[in-house]
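Residue-level listing of the chains:
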Amino acid sequence: MKGKKTKSRKKRSGFFKDERVRIIIGFFFFLFGLYLLFALISYFFTWKADQSFEFGKIISPASVTVRNWAGKSGAYLSNLLINKWFGIFSFTIPLFFMDVGIRFFNIKTAPLRKVFWFLFFLTLLGSLTIAYILGSSNGSLGSGFGGSFGYFTIEWLNSLLGQIGDAFLLILLNTAFILYYFHIPVFHLRKKPAIVKDREYADITTPGDDLNPEATEQATEETNAKGTKANFLKEEEKDDIELTVEQRVVDNDQLSDKQASNIITERFDPTLELSGYKMPPIQLLKEHEAENANKKVSDEELQNNKKRIIDTLANYKIKIDKIKATIGPTVTLYEIVPAPGIRISKIKNLEDDIALSLAALGIRIIAPIPGRGTIGIEVPNRHPDIVSMRSLITSRAFLEANYDLPVALGRTISGDPYVFDLARAPHLLVAGATGQGKSVGLNVIITSLLYRKHPAELKFVFVDPKKVELALYSKLEKHYLAIIPDAEESIITDTDKVVNTLNSLTIEMDRRYDLLNSAHVRFVNEYNEKFKSRKLNPEKGHRFLPYIVLIIDEFADLIMTAGKNIEYPLTRLAQMGRAIGIHLVIATQRPTTNIITGTIKGNFPTRVAFKVTAMIDSRTILDSPGANQLVGRGDMLIGSGSDLTRIQCAFIDTSEVEAITNYIASQQSYPMPFFLPEYTGEESGGIEEVDLKLKDPLFEDAARLVVQHQQGSTSLIQRKLSIGYNRAGRIIDQLEAAGVVGPYEGSKARQVLFPDEYSLEQFLRELDK
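Residues numbered from 1 in each chain as written. Predicted model: local features only at pLDDT ≥ 70, side-chain atom pairs only at ≥ 80, totals over all residues. Heavy atoms only, no water.

Trainee: Help me get a handle on the nonpolar core, residues and values and all.
Mentor: Counting 99 residues, the largest nonpolar core has L422 and F460 as the members making the most contacts within it. With 21 residues, the next largest nonpolar core counts I717, A728, I731 and V752 among its residues. (Core = buried A, V, L, I, M, F, W, Y, C linked by side-chain atoms within 4.5 Å. Buried < 20%, exposed > 50% of the residue type's maximum accessible area, 1.4 Å probe, protein only.)

Put into structure tokens, the structure is as follows:
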């Protein structure tokens, strides 16, 4: 019996998980609530005309008509709810049905149980209160604005307590309702640590916080911290678990394991706000032709090349004990074992002679191959294979890679997928001549990350001086992109904006290091694990830290126009970005020493070289020759330290990238992009003279906002008050002039000079006099 019940229960749950069923049920509840709402509104205009209608007989001849907009059913239901039951507070009932309906569309509201009890008590108390104040209204709206329930209940209470007793009882009940549901502060207590009373995350405040608000750390930008705090509450709403927490005072910004387990048992899920997000389907990528390289290199071609290599070496009295071939997508590797006593340098010097005998360009000799005890001769295939992005994304090497930022770059000479972890790289320098596959390589890196990382876990900063290479990704602004608050475009093309963005990233880097320091961890993945385990409190500025990948398409153009203004913040990010999850990918088509300086090279241990025209360029990128001997069209070398690996880069065309970005953009997004911290240049050291007689109309609202959040942030005002960045900047200047917030302090947030709203209100009253 138990097995059958379990099966039937699973069938029912599967039925309700069907998206079509959920949409139908959602529409039913929402439209029924809307229908009921129109019926109730109509009752106010038609109830007298419909008095002759016998409300108990909904099914009556068609000749019997009513004036109610919702027909006979509407007339009956509106009379039942307003006249017989709760009066005008019956409007809460259609609102409840509409709230239930929108939940089936994955629209997050307050927990259903909270909404039900709130509307339930509001309906009862509202009906009683309005009936006590207005009575039966002498025939207006039937039993009056309070309905029959309110009227007869008040009559009974009058006989029991009298009118004075009724008044006291209603005052008590309404006060309790308002205080409980709206969390209105009654007393402004000073010098008292925060107390955890409800089921939200513990408010951890040190005993000195209220005494000295200037000492409060404001290490994180409010724009991003707000989303984290909202996620905590939303995750709690999802499971709707009631947690009872004892009142306690905590004097640390970090919870012990025992305290964390007492407060909450569920791990924080950073993806919860976009829980319905789906990774791009593999069908968006194409199966390019000529995928199997083994069919392109015949046995005859292999044998001919082997014979020519042996004959050429024999001409110089170099004997070979063994030779074997490994076929790759673009080149075939011939490994030879020379006879004892043969010097490797003799074979290395015959590179041009072997190329001549094979009538092939792009021959490269690896003498010796590290770890194999052989010498490698790479010979280009006559018909190079295309490595499709789809074949890499579906490969086991990519799907099972336990990397933080997995990137499937291409296939090696042996045909194996080449997958690496960008988080361990930790930065990537990409160079190559025009038209050799550099931009396609950037698209491959971005696509790999889009197929593995949720928008909550990864943010991109795109810099594209040419304005065309990365333009397609602008559609991902509210999903994956990070921008500065006053950015006009999501893809950065203006040099001044690039400088501001890089400096903004350094501020974000410094703030992240402060967070790691306060959490007593060394790396961002350790910090995020601690945060997801709920051992760090968002009220103290802690937040989930997504990886940030900065991609610059044409670095040479930026260096030529901005020089040191670009190089200095970029070097700082390269030196310190790894531990806090900021990684750089910069590309250039001019790999000269004045572009790729020693400082930059020293901080980019992982480098990618597509075909270049001269050996000096190869040495600039890789510290060794070889990139000048590549065959082009995605043929590349990737090096980390002294090891070089030849890879055929995957191919992804513009239509595939466009399909992926359109698919992601069509899904629910965050309300705004991920905002980086504000950055103001050195020239903006102070503010102009501000006339407080010409205050902005939103001045007082903004003042209350920054005091409530204890964070003087322009982007906070911009987001909360739905105004432009320039206006928000003027308001923050006015708040500084008025003494509500402190001056601009570079990477630190402005100090809020009022500890609570009570003292602020007194100040605002004095200011208006």
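Trainee: Please give an account of unusual backbone geometry that cites residues and values.
Mentor: Cis geometry marks the peptide bond from A425 to P426, where omega comes out at -10°. Considering the arrangement of structural elements, one finds P426 in the loop between β6 (417-421) and β7 (428-431). Even without a glycine there, the phi angle at K467 is positive, about 70°. Mapped onto the secondary structure, K467 falls in the loop between β8 (458-463) and β9 (482-483). Even without being a glycine, R534 presents a positive backbone phi close to 65°. Its location among the elements puts R534 in the loop between α16 (524-532) and β10 (547-552). (Helix = DSSP H or I, 4+ residues; strand = E, 2+ residues; numbered from the N terminus.)

Trainee: Tell me what's going on with the environment of N68, and back it up with residues and numbers.
Mentor: In this structure, N68 sits in the loop between α2 (19-46) and α3 (71-86). A polar contact is formed between the side chain of N68 and the backbone oxygen of A39, at a distance of 3.3 Å. (Polar contact = N/O pair within 3.5 Å; in protein donor to acceptor, adjacent residues only side chain to side chain.)

Trainee: Can you lay out the sheet that holds strand β4 (residues 374-380) for me, pointing to particular residues and giving the numbers?
Mentor: Read across the sheet, four strands follow the order β1-β2-β4-β3 without closing on themselves; strand pairing throughout is antiparallel. Either end of the sheet is taken by a strand with one partner, and the two such strands are β1 (320-327) and β3 (364-369). Each strand axis lies, on average, 20° off the axis of its neighbour in the sheet, ignoring direction. Alignment of β1 against strand β2 (residues 331-338), held across seven bridges, turns out to be antiparallel. Each bridged residue has a counterpart across the sheet, and for K324 the counterpart in β2 is E335. The strands touched by helix α9 (residues 299-315) are β1, β2 and β4; relative to β1, the strand with the most contacts, the crossing angle is about 145°. (Pairing = 2+ DSSP bridges. Axes fitted to C-alpha atoms, helices over the stretch in contact; angles between N-to-C directions. Contact = heavy atoms within 4.5 Å.)

Trainee: Account for the packing of aromatic side chains, naming residues and giving values.
Mentor: Scanning the model with the defined rule gives 26 aromatic pairs in all. Measuring from ring centre to ring centre gives 5.4 Å for F86 and F149, while their planes differ by 70°; the resulting arrangement is edge-to-face. You can see F86 sitting in helix α3 and its partner F149 sitting in helix α6 (residues 147-182), a full 63 residues away along the chain. By relative accessible area, which is 16% here, F86 ends up buried. Overall, the relative accessible area of 29% leaves F149 in the partly exposed class. Members of the aromatic cluster, each reached through a chain of ring pairs, are F28, F29, F32, F96, F97, F104, F116, W117, F120 and F121. When the ring centre of F398 is taken as origin, the NZ or CZ atom of R452, which lies over that ring, is 5.4 Å away. Taking the ring centre of F699 as reference, the NZ or CZ of K695 above it sits at 5.7 Å. (Phe/Tyr/Trp six-rings, centres within 6.5 Å; stacked < 30°, edge-to-face > 60°. Lys NZ or Arg CZ within 6 Å of the ring centre and 35° of its normal.)

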